[in-house]
Amino acid sequence: MKQRISHITLLVNDYDEAIKFYIEKLNFELLEDTKLSEDKRWVLVAPTGAKECCLLFAKAVNGEQVASIGNQAGGRVFLFLYTDDFWRDYNRMLERNINFVRPPREEKYGVVAVFADLYGNLWDLLQPNEHNKGLK
């Protein structure tokens, strides 16, 4: 049996502002934007070239969901963006005014820095090293 994670839901305030941030700032691709009703859309984005797992934007519709925007992991790193060239992507993200909340550092598993998305969710930008092929 083969299984995989296909989509991860990310609560957003507004579909269009989330699309703009992820496309323009993080260089993601818009995979789908389908209107389901007057208030609901099926919006999928993913890093350029990555199709195995993507983000599904879900517009918050009640107080509990609104309160979770930007804090879906309780203040911990929520998502991990792997790269084959850390410094290329880190410098490009700095040029696009991405807020890095922890500077780059060498760890046993590779080079990593923590950034916040437009809502405050924390991400690792990570280039695994040769000792951690299982992470690649």
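Residues numbered from 1 in each chain as written. Predicted model: local features only at pLDDT ≥ 70, side-chain atom pairs only at ≥ 80, totals over all residues. Heavy atoms only, no water.

Under an unreviewed UniProt entry, the name given to the protein is VOC domain-containing protein, and the source organism is Segetibacter aerophilus.

**Concerning the layout of surface pockets**
The line we're drawing: Both cavities and pockets are sets of points on a 1 Å grid over the protein atoms alone; in a cavity a 1.4 Å probe fits but cannot get out, in a pocket the set is open with protein on both sides within 12 Å along at least five of seven lines, and lining residues sit with an atom within 4 Å of a point. Grid points are joined across faces, edges and corners, and a volume is the space filled by probe spheres set on the points. Per the convention used, a helix needs a DSSP run of H or I reaching at least four residues, while a strand needs a run of E reaching at least two, with both numbered from the N terminus. Only Asp, Glu, Lys and Arg are considered charged in this grouping, and only Ala, Val, Leu, Ile, Met, Phe, Trp, Tyr, Cys and Pro are considered nonpolar; every other residue, Gly among them, is considered polar. The start and end points of each domain follow an automatic or database-based domain assignment.
Approximately 370 Å³ is the volume found for the largest pocket. Lining the largest pocket are 16 residues, with Pro47, Cys53, Phe80, Leu81 and Tyr82 positioned closest to its centre. Counting only elements with at least two residues in the lining of the largest pocket, the list comes to strand S3 (41-47), strand S4 (54-59) and strand S5 (77-82). Residue composition of the lining of the largest pocket, grouped by class: 15 nonpolar, no polar and one charged. Two domains share the lining of the largest pocket, each providing at least three of its residues, namely domain 1 (1-69) and domain 2 (70-135). Of all the secondary structure elements, the ones that give two or more residues to the lining of the second largest pocket are S5 and helix H3 (86-95). The greatest single-element share of the lining of the second largest pocket, amounting to four residues, is contributed by H3. Its residues placed into classes, the lining of the second largest pocket shows seven nonpolar, three polar and four charged. Residue-level mapping places the lining of the second largest pocket at the junction of two domains, with at least three residues from each of domain 1 (1-69) and domain 2 (70-135).

**A few points about the sheet that holds S4**
To keep things clear, this is the line we draw: For two strands to count as paired, DSSP must find a minimum of two bridges between them. The axes are straight lines fitted to the C-alpha atoms, using for helices just the contacting stretch, and the angles between their N-to-C directions are given from 0 to 180°.
The four strands are arranged S1-S4-S3-S2 in an open sheet whose pairing can be described as mixed. In this open sheet, the two edge strands, each paired with only one partner strand, are strand S1 (7-12) and strand S2 (28-35). Pairwise comparison of adjacent strand axes, ignoring direction, gives a mean angle of 25° for this sheet. For S2 and S3, the ladder comprises seven bridges, and the chain directions are antiparallel. Along S3, the bridge assignment pairs threonine 34 with tryptophan 42.

**Notes on the domain arrangement of the protein**
Just so we agree on the cut-off: Accessible-area loss on putting two parts together, using a 1.4 Å probe and summing over both, is the definition of buried area adopted here. Criterion for a salt bridge: a side-chain nitrogen of Lys or Arg within 4 Å of a carboxyl oxygen of Asp or Glu. Identification of polar contacts relies on pairs of N or O atoms within 3.5 Å, with a donor-acceptor requirement for protein atoms, meaning one able to donate a hydrogen and the other able to accept it, and with residues adjacent in sequence counted only if both atoms are side-chain atoms.
Parsing the protein into structural domains produces domain 1 (1-69) and domain 2 (70-135). The straight-line distance from the C-alpha centre of domain 1 to that of domain 2 is 19 Å. Buried surface at the junction of domain 1 and domain 2, summed over both partners, amounts to about 1,500 Å²; 64% is from carbon and sulfur atoms. Together, Phe21, Lys25 and Leu26 form the three largest contributors to the area buried by domain 1 at its contact with domain 2, with a combined 31%. Where domain 1 touches domain 2, the interface holds zero salt bridges. For the pair domain 1 and domain 2, the number of links is twelve residue pairs in polar contact (both at pLDDT 80 or more). Listing elements by their share of the side of domain 1 that touches domain 2, those giving two or more residues are S1 and helix H1 (15-25).

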